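Reading the structure
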Amino acid sequence: MSKNKTAGYKGPYGYQKRREGDGRSCVRYKCGLTNTIQDVLRQRPGWMEVKDDGEWDFNWCDVGWLRENFDHSYMEEHVRICHFRNHYELTRKNLMVKNLKRYRKTLEREAGRIEASKCDFFPRTFELPSEYHLFVEEFKRSPGSTWIMKPVARSQGKGIFLFQKLKDIMDWKKDGSRSEEQRDETQVESYVAQRYIENPYLISGRKFDLRVYVLVTSYIPLKAWLYRDGFARFSSTRFSLTSIDDQYVHLTNVAVQKTAPDYDPEKGCKWQMQQLRRYLTARHGTETIEALFKDVDNIFVRSLQSVQKVIINDKHCFELYGYDILLDQDLKPWLIEVNASPSLTASSKEDYDMKCCLLEDTLHIVDMEGRLTGREKRVGGYDLMWNDGPVYREDINLETLGSACFTANTHLGCVNDRKKQLRQLLKPFPGKKRI
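Residues numbered from 1 in each chain as written. Predicted model: local features only at pLDDT ≥ 70, side-chain atom pairs only at ≥ 80, totals over all residues. Heavy atoms only, no water.

What follows covers the overall build of the chain. When helices and strands are tallied, the chain shows 14 helices and 16 strands. Burial status across the chain gives 52% buried among its 435 residues. Counting contacts in the chain only where the partners sit at least 6 residues apart, residues at least 24 apart contribute 67% of the total. For the chain, the exposed area adds up to about 21700 Å²; of that, 49% sits on carbon and sulfur atoms. (Helix = DSSP H or I, 4+ residues; strand = E, 2+ residues; numbered from the N terminus. Buried < 20%, exposed > 50% of the residue type's maximum accessible area, 1.4 Å probe, protein only. Contact = heavy atoms within 4.5 Å. Areas by Shrake-Rupley, 256 points an atom, 1.4 Å probe, with all protein chains shown as cover.)

Here is the structure:
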């Protein structure tokens, strides 16, 4: 075995040294996925893919690889990897709620109830089986209400069901149709029971949720970027609480909806975020919708702050989160979950183009080539939302305006003129002429 190799891990981290201020002429990358990210990495000038035993500078891995290899790995200064070691503190449904509840209690103790109330953006949630008795007490307080049951560590709508009677939970607990192995798995994995949002905002009678992308490059200090594009994912069937067993009514996951009998792959079931923002603004007015998007910004910042002290911060790590947010009839946004590996598989040409741009801009911010100064407030479609404190738009005159007038540097669902912005911002790739 070569002396570079690290125990328990295949492949060393080599590094082509560069002079101070020079861009890296060759970035060696490893990629464990075979979708859009693979295309984006292959097309990036000066980047070269390495196979299993090769030395790499950048790794877009899945969370399974991270779990098996991270603790056994030595990483040189420049190396970057696309997850934080314990990302699951925010991206497992039970841990996300546990951290948010703890953070809300801390705020109430240290800053008062009004400040703590800014964390009231997630539905009542209980972890089962450990909080079963607390859940039953809450359930009995509101008879007839609808609850949703979710496995804490699965995605794409797997294992989710709605219920209105305690009997349904009892049946689930002693479901004889599962094998011993599956029953053990369920106990290890555990579920959350969550109050179902019974009054979702509907468009053409159909429920939808928002998928929004937030990039965190550091937790200490917290540095987070918000992507301008995203989309609304619609159910294919009109909303009704009379059919709680129909997944096509209640689950907006594309993995679920594309199995619907009347699903049209050309048309899909998505609206781009710009289209949704225009629609809502036309119906409710600019002021109302700006307030709504400000509430959505609050969800991003508070949820990240809730895990800031428990995430193992590491300068080698960054994370692209996929936030799922639901609007109710009162235009209140609810945080449903945060994904550590948001789907990068495209459901249409438009979706593919959007995800390619998202990933290109993510790589620009991670900046393996050393082309940024570190003081940027915008990179392509990303706007710097938080940098150890709120970030404000540059058009604010700090001398004449009171702090109450500061406007957050976020533009979710606004125009994304990323190509023009990148031309102005980025020096050409090393060895390439500016086009």
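When its volume is computed, the second largest pocket comes out at roughly 860 Å³. Elements with a contribution of two residues or more to the lining of the second largest pocket: α12 (286-307) and β16 (382-387). With 11 residues, the top contributor of residues to the lining of the second largest pocket is α12. Taken together, the residues of the lining of the second largest pocket sort by class into 13 nonpolar, six polar and 10 charged. (1 Å grid on protein atoms, 1.4 Å probe; cavity = no way out; pocket = protein on both sides within 12 Å on 5 of 7 lines; lining within 4 Å. Points joined across faces, edges and corners; volume = space filled by probe spheres on them. Nonpolar A, V, L, I, M, F, W, Y, C, P; charged D, E, K, R; others polar.)

One side chain can pair with another of opposite charge once the charged atoms of both are near each other. Taken as a whole and assessed by the stated rule, the structure comprises 25 salt bridges. Here arginine 141 and glutamate 138 are joined by a salt bridge, their closest N and O atoms 2.6 Å apart. Of this pair, arginine 141 and glutamate 138 are both found in helix α6 (residues 132-141), three residues apart, which corresponds to roughly one turn of the helix. Note on arginine 141: relative accessible area 57%, which makes it exposed. With a closest N to O distance of 2.8 Å, aspartate 417 and arginine 378 form a salt bridge. Of this pair, aspartate 417 sits in the loop between β16 and α14 (418-425) while arginine 378 sits in strand β15 (residues 378-379), and the two are 39 residues apart along the sequence. Several salt bridges converge on common partners, so that one network encompasses Arg124, Glu137, Glu138 and Arg141. (Salt bridge = Lys/Arg side-chain N within 4 Å of Asp/Glu carboxyl O.)

Let's shift gears to the nonpolar core. Counting residues in each nonpolar core, the largest one holds 93 residues, and the members touching the most others are Phe58, Trp60, Tyr219, Leu304 and Tyr323. The element that contributes the greatest number of residues to this core is α12, accounting for nine residues. Every residue in contact with tryptophan 60, bar those within four places of it in the chain, is listed here: Lys30, Cys31, Gly32, Leu33, Ile37, Leu41, Cys82, Phe318, Leu320, Leu344, Leu359 and Thr362. (Core = buried A, V, L, I, M, F, W, Y, C linked by side-chain atoms within 4.5 Å.)

The predicted structure's coordinates, where accompanied by low pLDDT, should not be read in detail. Across the chain, the average pLDDT comes to 84, with 79% of residues at 70 or higher. The model gives residues 176-188 a pLDDT under 50, and that stretch makes eight contacts with residues more than four places away or in other chains. (pLDDT = per-residue confidence, 0-100.)

Next up on the list: the packing of aromatic side chains. This structure, assessed with the given rule, holds 25 aromatic pairs. When the ring of phenylalanine 121 is compared with that of phenylalanine 122, the centres are 6.1 Å apart and the planes differ by 70 degrees; the resulting orientation is edge-to-face. For phenylalanine 121, a relative accessible area of 3% translates into the label buried. Ring centres of tryptophan 271 and tyrosine 279 lie 5.4 Å apart, and the angle between their planes is 70 degrees; on these two criteria the pair is classed as edge-to-face. Taken together, the aromatic side chains of Phe126, Tyr132, Phe135, Phe139, Trp147, Phe161 and Phe163 make up a single cluster linked through ring pairs. The lysine or arginine in question, lysine 270, covers the ring of phenylalanine 231, its NZ or CZ lying 4.0 Å from the ring centre. (Phe/Tyr/Trp six-rings, centres within 6.5 Å; stacked < 30°, edge-to-face > 60°. Lys NZ or Arg CZ within 6 Å of the ring centre and 35° of its normal.)

On to unusual backbone geometry. Here leucine 128 and proline 129 are connected by a cis peptide whose omega angle stands at 5 degrees. Examined against the element boundaries, proline 129 turns out to sit in the loop between β5 (125-128) and α6. Of note, the amide linkage connecting isoleucine 220 to proline 221 takes the cis form, showing an omega dihedral of -5 degrees. Along the polypeptide, proline 221 turns up in the loop between β10 (206-219) and β11 (222-234). With a phi angle near 55 degrees, serine 204 is a residue other than glycine that sits in the positive phi range. With respect to the helices and strands, serine 204 occurs in the loop between β9 (202-203) and β10. In this structure serine 204 comes out as exposed when scored by relative accessible area, which is 55%. At aspartate 388, a position not held by glycine, the phi torsion is positive, near 60 degrees.

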